[in-house]
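Residue strings, one per chain:
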Amino acid sequence: MRQNPSFAMTDVGELRRVVDQNPWATLVSSTDDGLVASHYAVLLDDTKDDLTVVGHVGKPDDLILGLGERELLIIFQGPHGYISPGWYGDRPSVPTWNFVTVHLRGVPELLSTEENLRVLDRLVARFESPMPEPRLLWERPNDADFVERLERGTVGFRLTPTSVTAKRKLSQNRPVELVDHVIRELEEDGPHHNPRLAAEMRRANDARA
């Protein structure tokens, strides 16, 4: 991803927040047959306070991604959406797309069976816990044999990035008052209603005000 100093994100706390709030990631690897991509939920490693992440893929995807053998690019896409030129008022403007994204690169290490089971347990708990009656990984009707068979069909990984590129393009090159107006447009009902993007823009705008 081409970086622009005006839109660069470098604060580790902010990067961790984006990764944590947007766990559905794209995994990209370069192979002898060309680029391949897979899509999985990826979590921050809860034993570290940096940008190390953990996840898993199904064994068929591991065969094409080659985890542990080559560099992996993991892309986390945060809030994004269309920005109308009409929201910039009576001035020359063109449509644009605002977005937040984090790219992590590195050679992942493979997890042991025990580590992979813990990551799978965390993954289920992350998304199932808010349910009225959560069905966690080790709870009935699942039994140990079922969970262990499930684990054997996956490959767990941990990636401590050797390269991080993050971009927050949220109209920071526009006056604060104008950005406030765009935020209000995104918050209102309409064809491009986008409260998540509005909240991200407000966060960035408040930081520079």
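Rules used throughout
- Residues numbered from 1 in each chain as written.
- Predicted model: local features only at pLDDT ≥ 70, side-chain atom pairs only at ≥ 80, totals over all residues.
- Heavy atoms only, no water.
- Phe/Tyr/Trp six-rings, centres within 6.5 Å; stacked < 30°, edge-to-face > 60°.
- Helix = DSSP H or I, 4+ residues; strand = E, 2+ residues; numbered from the N terminus.
- Lys NZ or Arg CZ within 6 Å of the ring centre and 35° of its normal.
- Pairing = 2+ DSSP bridges.
- Axes fitted to C-alpha atoms, helices over the stretch in contact; angles between N-to-C directions.
- Core = buried A, V, L, I, M, F, W, Y, C linked by side-chain atoms within 4.5 Å.
- Buried < 20%, exposed > 50% of the residue type's maximum accessible area, 1.4 Å probe, protein only.
- Contact = heavy atoms within 4.5 Å.

Draft legend 1. Seen up close, the packing of aromatic side chains. This model, assessed by the stated rule, comprises one aromatic pair. Consider the rings of Y82 and W97, whose centres lie 6.3 Å apart with planes at 65 degrees: the pair is edge-to-face. Remark: W97 occurs in strand β6 (residues 96–106) and Y82 occurs in strand β5 (residues 72–83); sequence separation between them is 15 residues. The ring of Y88 carries R174 above its face, with NZ or CZ at 3.7 Å from the centroid.

Draft legend 2. Examining the sheet that holds strand β2 (residues 34–41) more closely. Taken together, five strands build an open sheet; the order of strands is β2-β1-β5-β6-β9 and the sheet is antiparallel. Where the open sheet ends on each side, the last strands, each with one partner, are β2 and β9 (163–169). Shown here is a sheet whose adjacent strand axes are inclined to one another by a mean of 25 degrees, direction ignored. As paired elements, strand β1 (residues 24–31) and β2 share eight bridges and run antiparallel to each other. Within the sheet, the bridge partner assigned to W24 lies in β2 and is A41.

Draft legend 3. Focus on the nonpolar core. Formed by 38 residues in total, the largest nonpolar core has its most connected members in L27, V53, I74 and F76. The element best represented in this core is helix α5 (residues 176–187), accounting for five residues. Residue contacts for V53: discarding those within four places in its chain leaves V19, V42, L43, L44, D45, I74, F76, L104, F157, R158 and L159. By size, the runner-up hydrophobic cluster in this structure holds six residues, among which are A41, V54, V119 and L123.

Draft legend 4. Highlighting the pairing of strand β8 (residues 154–159). Counting buried positions along β8 yields six of six residues, so the element is predominantly enclosed. Burial along β8 is two-sided: T154, G156 and R158 and V155, F157 and L159, pointing in opposite directions, are all buried. Sheet topology places strand β4 (residues 53–58) next to β8; six bridges connect them, and they run antiparallel. Across the sheet, residue H56 finds its bridge partner in β8, namely G156. Sheet analysis places strand β7 (residues 109–110) next to β8, joined by two bridges and oriented antiparallel. Pairing of L110 across the sheet is with F157, part of β8.

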